[in-house]
Amino acid sequence: MHASSQTFEGQSSGGDIMGDVLPVSVTVILPTRNEEEALGPTIDAIPRGWCEDLEIMIVDGNSSDRTREIALEKDIRVHLEPRKGYGRAYRTGFDVAKNDIIVTMDADCTYPAELVPELVKRLLDDDLDFITCDRLSLAEDGSMSGLHGFGNWVLSFTARMLFWYGIKDSQTGMWVFRKSIFENEKMRPTNDGMPLSEEVKILARRHLGKKKAIEISVPYRPRVGEAEIHTWGDGWKNLKFLFLRRFGLHRTRTEWGGLETNPDSTKNNLPEQA
Ligand SMILES: Nc1nc2c(ncn2[C@@H]2O[C@H](COP(=O)(O)OP(=O)(O)O)[C@@H](O)[C@H]2O)c(=O)[nH]1
Ligand SMILES: [Mg+2]
């Protein structure tokens, strides 16, 4: 049976049932822009004490609300990436993340943070390089509007047709992978916007293969806090990017990695939040 039919439904977790501490270091990256409502509960939902070193960080896109303050109160790392875009935040975060395994999630309480230890354990046990977490099979009521559900289906269907990689959910923002995959420069995503999400999966399947890059179904929940939704605009950009990427016509606007000048709480040079 295909890997994507596997689910992590109903398996709650935490250090307790995991037994031994996993012998790895992990960075959880949360991109944020104005997530003051949902960031605290998202951070609190991430289990602690189940791996040797756990770094939790936000890559903040110049939030104008209390997002960065909340992160500092919760004692997690804050990296400020003033350049706009979801993809830009990750193209910086992937580079500045301290640890060997990277986990990504939105900072909006939609993804099952409680499953992070089990997903990492799965990566190690099965000697995988990349896990993408499908939301479409187990989405909870109210987590995706009809239009968003339809848009996700169109994008995932188009991605399957163009690339033939068999990924069910091309738009999920939860991935668990080894940071070392980026040592191969071809694995580095190029898009600074929402299309980075589909690009990451396309690259994983292309360069790591189906055995090392798998899809697992996880629950998906309604969002906390306002989304800056550009349903049609982002949908169109995602669709256009699939075709550009397929025919090699995509272009990189900015370079891989964070800027030296980006403020970071580990450098003690964050500006006061406006
Ligand atoms: N740093 C940064 N984060 C962003 C930006 N745009 C969105 N985000 C964050 O990226 C995540 C995904 O955005 P979201 O609005 O939930 O998109 P959706 O899940 O596709 O509806 C959230 O945690 C946002 O706060 C941005 O320009 N910069
Ligand atoms: Mg979201």
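Here's a quick rundown of the structure.

## What to know about helix 6 (residues 146-163)
No. 1: Over its 18 residues, helix 6 runs 25 Å from end to end, which matches the ideal 26 Å to within 8%, given 1.5 Å per residue.
No. 2: Turning to helix 6, its buried residues number three or more, namely G151, N152, L155, S156 and A159. Along the axis of helix 6, the buried residues cluster in a sector spanning 125 degrees; they form a single face. Across helix 6 from its buried face, at more than 90 degrees, point the exposed residues G146, L147, F150, F157 and M161.
No. 3: Along its buried surface, helix 6 packs onto strand 5 (130-139), helix 7 (196-208) and helix 8 (231-246).
No. 4: The positive-phi residue at the C-terminal boundary of helix 6 is W164, with phi of around 65 degrees.

## Details of the environment of S156
No. 1: Take S156: it is sitting in helix 6.
No. 2: Those residues in contact with S156 that sit more than four places away from it in its chain are I167, K168, D169, S170 and Q171.

## What to know about the site of ligand 1
No. 1: What surrounds ligand 1 is a group of 18 residues, the closest being P31, G61, A89, D106 and A107.
No. 2: Secondary structure elements with two or more residues in the shell around ligand 1: strand 1 (22-32), strand 2 (51-60) and helix 4 (86-96).
No. 3: Of the residues that constitute the shell around ligand 1, the class distribution is six nonpolar, four polar and eight charged.

## So, helix 7
No. 1: Here helix 7 spans 17 Å end to end across 13 residues, near enough to the 18 Å set by a 1.5 Å rise per residue.
No. 2: With ten of 13 residues buried, helix 7 lies mostly within the body of the structure.
No. 3: On its buried side, helix 7 packs onto helix 4, strand 5, helix 6, strand 6 (175-178), strand 7 (213-220) and helix 8.
No. 4: Among the residues trailing helix 7, G209 stands out with phi positive, at a value near 90 degrees.

## Digging into the sheet that holds strand 4 (residues 101-104)
No. 1: On the basis of which strands lie adjacent, the open sheet formed by seven strands has the order 3-2-1-4-6-5-7 and mixed pairing. The sheet terminates laterally at strand 3 (77-80) and strand 7, the two strands that pair on one side only. Going from strand to strand, the sheet's axes swing by 25 degrees on average, the running direction of each strand aside.
No. 2: Here strand 2 pairs with strand 3 via four bridges, running parallel. Bridge pairing in strand 3 places D60 opposite L80.

Procedures and definitions
- Residues numbered from 1 in each chain as written.
- Chains lettered and ligands numbered in written order.
- Predicted model: local features only at pLDDT ≥ 70, side-chain atom pairs only at ≥ 80, totals over all residues.
- Helix = DSSP H or I, 4+ residues; strand = E, 2+ residues; numbered from the N terminus.
- Expected span 1.5 Å × (residues − 1).
- Buried ≥ 20, exposed ≤ 12 C-beta atoms within 10 Å, placed from the backbone.
- Arc of directions from axis to C-beta.
- Contact = placed C-beta atoms within 7 Å.
- Near = placed C-beta within 6 Å.
- Nonpolar A, V, L, I, M, F, W, Y, C, P; charged D, E, K, R; others polar.
- Pairing = 2+ DSSP bridges.
- Axes fitted to C-alpha atoms, helices over the stretch in contact; angles between N-to-C directions.

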